[in-house]
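Report on the structure
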Amino acid sequence: MSDHGAVRISFALLLLALACAWLLNISLGSVEIPFTSTWHILLNGSVTDDPFNYIIWEYRVPKSITAILVGSGLALSGLLMQTLFRNPLAGPFVLGITSGASLGAALLIMGTSFIASLGSLVYVGNVSLAIAASVGSFLVLLIVLIVAQHVRDTMALLIIGLMFGSITSALVGVLAYFSNAESLQRFVFWTYGSVGDLSLSQSLLLGGLVIAGVILSIFSIKQLNAFLLGENYAQSLGVSLKKTRYIIIIATGLMTGAITAFAGPIAFVGLAVPHLTRQIFNTMDHKILLPAVLIYGALLMLVCDTIAQLPNSANVLPINAITSLIGAPVVIWLLVRKRNMLF
Amino acid sequence: MAHQTHILEANNLAIGYGNQEIISNLDFKLPLGELCAIVGINGVGKSTLLRTLGHLQPMLGGTINLGDKALLEHSNKEIARQISLVLTEPIASKNLTVAELIALGRQPYTNWLGNLTQEDKVHVKKCIDDFELTHLKNKKCHQLSDGQLQRALVARAMAQDTPLILLDEPTTHLDLYHKVQILKLLQKLAHSFNKTIVFTTHEIELAIQLCDKMIVLDNASNPFGNPCELIEAGHFDRLFPKEMVQFDPKSGSFKVVK
């Protein structure tokens, strides 16, 4: 309902910012590549033996695409959760869904090493990691949803989400205690989060799952808008509550599960981006918010990844730390400024 | 629709939660174009009745007919074009603007994306204007006063364009002036747009003055009829303990026993 011209301009600016962030992300990294060379390599497109060329096409471009998928998927998951739970503080991380995915991944990475010592033949591959993390996130989502049916108080729901987080980290702790050093190290690195070094097949799987989540969400736009009135009103408008809830859960589970499996448990993007987006667009219409959070999430993730790379140094910071360092103050600022964060 | 004079009909209806009946043997027929109040003491089941009629909770016995067939035979989508609701629960997102809120009333008619057609837009604009919300249409719901928000919610129900509108306590939290304003508005909607409007209320005296029909939930015979008949039959006398409050049939009002 908001002014169409203003919406178009905002979208144009957001896309421009995304393009700039993408170029910046590609031109900065541990190896200093002059901006003109980056530009030249991107425009020419071909993969030759030139090391710069190799770094950009084999490392930086895939990494930036992963960052875009991760940011968009998490931001959309956050939007879906906030509408489904009618709660401005909902998000995949806060509700314990990321923890569920972590537990799934931990069981696979460390649990299999534990079982493997007993002679099991479980293979820790890309697909099994994605499945384990998705199953973990689905399970937590379902439990949270069942609890939400009984507990109408949104504060209680968030605390329950936090408790789930504690339970899963405790279980992960137990697993860690019993696992061998190698798989423990692998798990710890996974928790730092990383959008780099995904294989082509991993990237394709991640892309496919995120796109599936986006498509499911697009088909739920009308129902999501009805949910803004509350579930009873939504039903009175002809929305099938059960079906819509399941579709939203499946979409969130797919996206959060896949992202957490491949990029680690990344915090705050899902919670903060929908709020930041509403600051720009000042609407609740999911037809506008859905594409907007996809772009904004990608933008934020690219910026975080650029910072995490510590340009021109050989060190890489854990991306999870960067998103928290940026995301947490944003949430605090929103709460202080608007006092009562509305969704 | 000439042959069909009753939009909603309840026969031997029993309502309650789980398998606990709180009211049974309810019978009433609501004609088109009438304003009907559900009154009764606190906790008697006014909202439960309204929610049962609105298909938000299952009935425990008897039948409800909506239009030409049973309520249960209608799909969710069909009911959405027959019944619109105004509930006591706050809307989930107070960050919606008045215009967005009212436009959501068009959902039963819009396509899979919820895009508004030109016709929908005209309808929404008419609702905004009819309810004197034009100057408020870009305001967020959390910026509205209670009275304005209630008006916006009724406007949303009107935008849904259903023959039947159910409202749960539309006058609570409002002062006398705004109570009368909302009830007169409902009366006007019922009479001039030929809508059947059912609402629960504690404002028995106002309801007696403004409604065409009333359902009195008294835990006994649960009578239904027009206010004058109900007064003559003495149904309001029995509603409250006589030693505390008495009903004066001449003025149609309650007096505190001193």
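This section reports on the structure supplied with the text. (Residues numbered from 1 in each chain as written. Chains lettered and ligands numbered in written order. Predicted model: local features only at pLDDT ≥ 70, side-chain atom pairs only at ≥ 80, totals over all residues. Heavy atoms only, no water.)

This part covers the pairing of strand β9 (residues 213-217) of chain B. Residues and elements named next belong to chain B. Burial within β9 is extensive, with five of its five residues counted as buried. Neither face of β9 is open: one carries Lys213, Ile215 and Leu217, the other Met214 and Val216, and all of them are buried. When strand β3 (residues 35-40) meets β9, the two strands line up parallel, connected through five bridges. Following the sheet pairing, Cys36 is matched in β9 by Lys213. Of the strand pairs in this sheet, β9 and strand β10 (residues 224-225) are connected by two bridges, and their pairing is antiparallel. Residue pairing for β10: Ile215 is matched across the bridge by Phe224. Between β9 and β10, which pair antiparallel and follow one another directly, the connecting turn spans six residues, one of which, Asn219, has a positive phi of 70 degrees. (Buried < 20%, exposed > 50% of the residue type's maximum accessible area, 1.4 Å probe, protein only. Helix = DSSP H or I, 4+ residues; strand = E, 2+ residues; numbered from the N terminus. Pairing = 2+ DSSP bridges.)

With that settled, consider empty space enclosed by the protein. The full count for this structure, using the stated rule, is two cavities of 30 Å³ or more. Empty space within the largest cavity amounts to approximately 70 Å³. Lining the largest cavity, in full, are A:Gln235, A:Ser236, B:Gly54, B:His55, B:Leu56, B:Asn76, B:Ile79, B:Ile83 and B:Leu85. Secondary-structure elements contributing two or more residues to the lining of the largest cavity are α10 (231-236) of chain A together with α2 (76-80) and β6 (83-86) of chain B. The class makeup of the residues in the lining of the largest cavity is four nonpolar, five polar and no charged. Within this model, the second largest cavity holds a volume of roughly 40 Å³. Around the second largest cavity sit A:Leu74, A:Gly91, A:Pro92, A:Phe93, A:Val94, A:Ile266, A:Ala267, A:Phe268, A:Gly270 and A:Leu271, which together line it. (1 Å grid on protein atoms, 1.4 Å probe; cavity = no way out; pocket = protein on both sides within 12 Å on 5 of 7 lines; lining within 4 Å. Points joined across faces, edges and corners; volume = space filled by probe spheres on them. Nonpolar A, V, L, I, M, F, W, Y, C, P; charged D, E, K, R; others polar.)

Quoted interface sizes are often the accessible area lost when the parts come together. On the chain B side, the residues contacting the 28 residues of chain A number 38 residues. Regarding the contact of chain A and chain B, the summed buried area is about 2,800 Å², with carbon and sulfur atoms giving 58% of it. There are zero salt bridges connecting chain A and chain B. For the pair chain A and chain B, the number of links is 14 residue pairs in polar contact (both at pLDDT 80 or more). Secondary structure elements with two or more residues in the side of chain A that touches chain B: α9 (221-227) and α10 of chain A. The element contributing the most residues to the side of chain A that touches chain B is α9(A), with five residues. Residues belonging to the side of chain A that touches chain B are distributed by class as follows: 14 nonpolar, nine polar and five charged. (Contact = heavy atoms within 4.5 Å. Buried area = accessible area lost by both parts, 1.4 Å probe. Salt bridge = Lys/Arg side-chain N within 4 Å of Asp/Glu carboxyl O. Polar contact = N/O pair within 3.5 Å; in protein donor to acceptor, adjacent residues only side chain to side chain.)

Residues and elements named next belong to chain B. Spatially, four strands are ordered β2-β1-β4-β5 in an open sheet, and the strand pairing comes out antiparallel. Each of the sheet's edge strands pairs with one partner strand only, and the pair in question is β2 (20-31) and β5 (69-70). Pairing geometry for strand β4 (residues 61-66) and β5, over two bridges, is antiparallel. Bridge pairing links Leu66 to Lys69 in β5.

Residue and element names in this part refer to chain B. Look at helix α5 (residues 146-159) against helix α6 (residues 176-193): their axes get within 11 Å of each other, and the N-to-C directions meet at 15 degrees. On the basis of their axis angle, the class for α5 and α6 is roughly parallel. Here α5 runs over α6; the crossing is right-handed. For the pair α5 and α6, contact is made by Gln150, Arg151, Val154 and Met158 and by Gln181, Ile182, Leu185, Leu186, Leu189 and Phe193, respectively. Tallied by class, residues from the contact of α5 with α6 come to seven nonpolar, two polar and one charged. (Axes fitted to C-alpha atoms, helices over the stretch in contact; angles between N-to-C directions. Parallel < 35°, antiparallel > 145°, perpendicular 65-115°, else oblique. Left-handed = near helix turned anticlockwise from the far one by under 90°.)

Remember, this is a structural readout, not a statement about activity or role.
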